[in-house]
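One-letter residues, chain by chain:
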Amino acid sequence: MNHRSNLQPCREILVKQLITLGEEKRSFLDAYFDVREPERVQMEKLLSTYTGHVQKLLLGPDELLHSVVLIGSEIRFDYIDFHTSDAFKIVMPDEADPDAGRISFLSPVGRQLLLSSKGETRSVTIPAGSMRVRITEITWSRASLNPVSSGGVDHAL
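Computed from a prediction, not measured in an experiment: that's the story for all the values here. Here the residue index of a chain counts from 1 through its sequence in written order. The model is predicted, so local features are restricted to residues of pLDDT at least 70 and side-chain atom pairs to those at 80 or more, both for listing and for counting; the totals for chains, interfaces and linings are taken over all residues. Excluded from the side-chain calculations are hydrogens and water; all other atoms, namely the structure's heavy atoms, are used.

Draft legend 1. Structural context of the side chain of Asp-86. Every helix listed is a DSSP run of H or I at least four residues long, and every strand listed is a run of E at least two residues long, numbered separately from the N terminus. Locating Asp-86 in the fold gives a position in strand β2 (residues 84-91). Each residue is placed in one exposure class: buried if its accessible area under a 1.4 Å probe, protein chains only, is under 20% of its type's maximum, exposed if it is over 50%, and partly exposed if it falls in between. Charge convention: Lys and Arg are scored as positive, Asp and Glu as negative, and His as well as the terminal groups of each chain are ignored. The term salt bridge refers to a side-chain nitrogen of Lys or Arg lying within 4 Å of a carboxyl oxygen of Asp or Glu. One buried charged residue, Asp-86, remains without a salt bridge, the closest side chain of opposite sign being Arg-76 at 6.6 Å. What qualifies as a polar contact is a pair of N or O atoms within 3.5 Å, subject to a donor-acceptor requirement within protein and to the restriction that residues adjacent in sequence count only when both atoms come from side chains. Side chain to side chain, Asp-86 and Tyr-79 meet in a polar contact 3.4 Å long.

Set out below in structure tokens:
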């Protein structure tokens, strides 16, 4: 009998993230932020919060991996004020392709949605202003574990 979970590839990806964003955090930050930028300190705090949260999730059942927005999650959300919906995947910076529905967790919107919970409403600030979004679905599908993904990203994000 095989006790390997359907989300084992997801778990393996999250462990790799813990290495990159935890153990190799300084190198990662150096690649994207100047040491003198105040934004680097904010990102360092976010990465510490994120890696701590991922460590706790990995100790729990697979269902928890669908409860919060992680790097690698495909999310669906509603624009509350516009009565429309959209979807995209949150990815590492080198995998970002907004036209293909993949946004970096380093992007302003990616940062604001990272670690959101299913059902949570957040006010997201974009260049055009602020809008409220509600996370309606968080998944790790087979397709989300492959490098190529499709989705209908709103280019404003």
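There's more to say after this.
Draft legend 2. Seen up close, the packing of aromatic side chains. The rule is short: rings of Phe, Tyr and Trp, with Trp giving its six-membered ring, pair when the centres are within 6.5 Å, and they are stacked under 30 degrees, edge-to-face over 60, tilted in between. Throughout the structure, instances matching the rule amount to four aromatic pairs. Measuring from centroid to centroid gives 5.0 Å for Phe-28 and Tyr-32, while their planes differ by 45 degrees, and the two rings are tilted. One end of the pair is Phe-28 and the other is Tyr-32, both in helix α2 (residues 25-32) and four residues apart, which spans about a single turn. A relative accessible area of 38% means that Tyr-32 is categorised as partly exposed. Ring centres of Phe-77 and Phe-88 lie 5.1 Å apart, and the angle between their planes is 65 degrees; on these two criteria the pair is classed as edge-to-face.

Draft legend 3. Examining α2 more closely. Buried residues of α2: Lys-25, Phe-28 and Leu-29, and no others. The arc enclosing the buried residues of α2, seen along the axis, measures out at 95 degrees, which places them on a common side. In α2, the exposed residues that point more than 90 degrees away from the buried face are Arg-26, Ser-27 and Ala-31. In this structure, the buried residues of α2 make contact with α1 (8-23) and α3 (38-59). By construction, the arc corresponds to the directions joining the helix axis to the C-beta atoms. Contacts between residues were defined by any pair of non-hydrogen atoms, one from each residue, lying within 4.5 Å.

Draft legend 4. A look at the confidence of the model for the protein chain. The quantity known as pLDDT measures the predictor's confidence residue by residue, on a range of 0 to 100. For the protein chain, the mean per-residue pLDDT works out to 86, and 86% of the residues sit at or above 70. By mean pLDDT, the top-scoring element of the protein chain is strand β3 (residues 102-104) (97), and the lowest-scoring one is α1 (91). Low pLDDT, under 50, characterises residues 143-157; the predicted model gives this stretch 44 contacts beyond four residues in sequence or across chains.

Draft legend 5. Broad picture of the pairing of β2. Summarising burial for β2: six of the eight residues are buried, a large majority. For strand β1 (residues 74-79) and β2, the ladder comprises six bridges, and the chain directions are antiparallel. Residue Arg-76 lies in a different strand from β2, and its bridge partner there is Ala-87. DSSP calls a pair of strands paired once it identifies at least 2 bridges connecting them. Where β2 lies against β3, three bridges are found, and the strand directions are parallel. Across the sheet, the residue bridging to Val-91 is Ser-104, located in β3.

Draft legend 6. Focus on the environment of Leu-47. Here Leu-47 is to be found in helix α3. For the pair Leu-47 and Lys-25, spaced 22 residues apart in sequence, the C-alpha to C-alpha distance is 8.0 Å. For Leu-47, the residues in contact, after removing those within four places along its chain, are Leu-21, Lys-25, Phe-28, Leu-29 and Phe-105.

Draft legend 7. Spatial organisation of the pattern of salt bridges. Applying the stated criterion across every chain yields a total of eight salt bridges. The closest approach of N and O atoms between Glu-120 and Arg-122, which form a salt bridge, is 2.9 Å.

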